[in-house]
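# A structural walkthrough
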Amino acid sequence: MADAARIPKTSRALRARIRATTRDMLRGLVPGGSAIQLAQTDAPLDDAHFEAALCRNCGIERHTPHCGACGQKAVARFSRRDVWDEAWQSWRVFELAIVHAALRLVRAPGLVAREYVLGARKRHVHPLKLLLFAVALLVVVLDRTGYLTAGQTTLSAQMQLVSDWARWSFSLGLFAIVIATRVVLPKRLDYNLVEHLVLALYVQFVVIVANLLNLLPLLFLDADAWAPPWRRASAYYMTPLELALVGIACVQFFRLDWRRDAWRIAAALAVFFLAKKVLLFAYGHFIQQVVLAHSG
């Protein structure tokens, strides 16, 4: 009987040892000194981080402008200029890296953004490139489904103009994210404005992908009949989903704890929600002025 009772304990101990060994092996695969490793810590961003003679993509010691192991060039801290420069230099829309990046971002948008600003530039697709690709695809799907105008028997020139401008309102969340993180977490881990923008670009890409998936069934249904109730139903679940994505990304990017930093997370989501409402109201007023100008 004693031997029989000892077997389950031995089995549990063996499983625990296997799990611990597996974790140690996986940690060993993460290059030391790389952005992949540092993203799992609370290491702040400063000039010394980028001046170190290390490749922040693979962690190998670097003595030349380009890493001898992975080929990534030496990276510097982001500035306003870099957002556009890197996007145009690496612009190739149809590549498998976009698919890979999208799958990784769905699970960990904030972690990908943190790895990217810490220096893993070759490993990840530029966030502006991803966002422009997603917005272009969303515009096509909106046109194909008639999501914004379906159910209306006649569409005046003014309403058509409103519809044309309204499709771009999906990107206003980008600015709401930057406002929320800069207001609530301005000093956390010493990120600058452009690095906050990198997070917003990645998160907004995931939000637009979620909207694309929400619209996908309408490509195979009668849009005139289904789009109006689909729009009403979407209002109940897309906003909570967007808030959840922003919250998860903030926790990962700013290295927050769900319990200890609950008030910070809640404050960031509240500012994001209010900022997006204000931006939508302002954009709606802008569209109204455009329509009035064309009507005159």
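Quick caveat, the model's predicted, so the values are computed rather than measured.

Take a nonpolar patch on the surface next. A surface patch of nonpolar side chains, about 430 Å² in accessible area, is lined by L213, L216, L219 and F220. Mapped onto the fold, L213 is located in helix α10 (residues 193–215). Relative accessible area serves as the criterion here: at 57%, L213 is assigned to the exposed category.

Taken as a whole and assessed by the stated rule, the structure comprises four aromatic pairs. An angle of 85 degrees between the planes, with centres 5.9 Å apart, marks the rings of Y116 and Y202 as edge-to-face. In this pair, Y116 sits in helix α6 (residues 109–118) while Y202 sits in helix α10, placing the two residues 86 residues apart along the sequence. By relative accessible area, Y116 is classed as buried at 2%. Using a relative accessible area of 1% as the deciding quantity, one classes Y202 as buried. With a centroid separation of 5.4 Å and 80 degrees between ring planes, the pair formed by Y191 and F254 is classed as edge-to-face. Residue Y191 is located in the loop between α9 (172–184) and α10, and its partner F254 is located in the loop between α11 (223–253) and α12 (262–295); the two are separated by 63 residues in the primary sequence. Members of the aromatic cluster, joined through ring pairs, are Y191, F253 and F254.

Here we take up the environment of V178. Within the secondary structure, V178 sits in helix α9. With a relative accessible area of 15%, V178 lands in the buried category. Setting aside residues no more than four positions away along its own chain, V178 makes contact with L193, H196, L197 and A200.

Turning to unusual backbone geometry, a few remarks are in order. One non-glycine residue with positive phi stands out, namely L189, at about 60 degrees. Position of L189 among the secondary structure elements: in the loop between α9 and α10. On the accessibility criterion, L189 (8% relative accessible area) is buried. Despite not being glycine, R255 has its phi angle at roughly 55 degrees, a positive value. Among the structural elements, R255 can be located in the loop between α11 and α12. Classification of R255 as partly exposed rests on a relative accessible area of 25%.

Calculation notes
- Residues numbered from 1 in each chain as written.
- Predicted model: local features only at pLDDT ≥ 70, side-chain atom pairs only at ≥ 80, totals over all residues.
- Heavy atoms only, no water.
- Patch = residues over 30% accessible without salt bridge, like charges linked within 9 Å, V, L, I, M, F, W, Y side chains within 5 Å.
- Areas by Shrake-Rupley, 256 points an atom, 1.4 Å probe, with all protein chains shown as cover.
- Salt bridge = Lys/Arg side-chain N within 4 Å of Asp/Glu carboxyl O.
- Helix = DSSP H or I, 4+ residues; strand = E, 2+ residues; numbered from the N terminus.
- Buried < 20%, exposed > 50% of the residue type's maximum accessible area, 1.4 Å probe, protein only.
- Phe/Tyr/Trp six-rings, centres within 6.5 Å; stacked < 30°, edge-to-face > 60°.
- Contact = heavy atoms within 4.5 Å.

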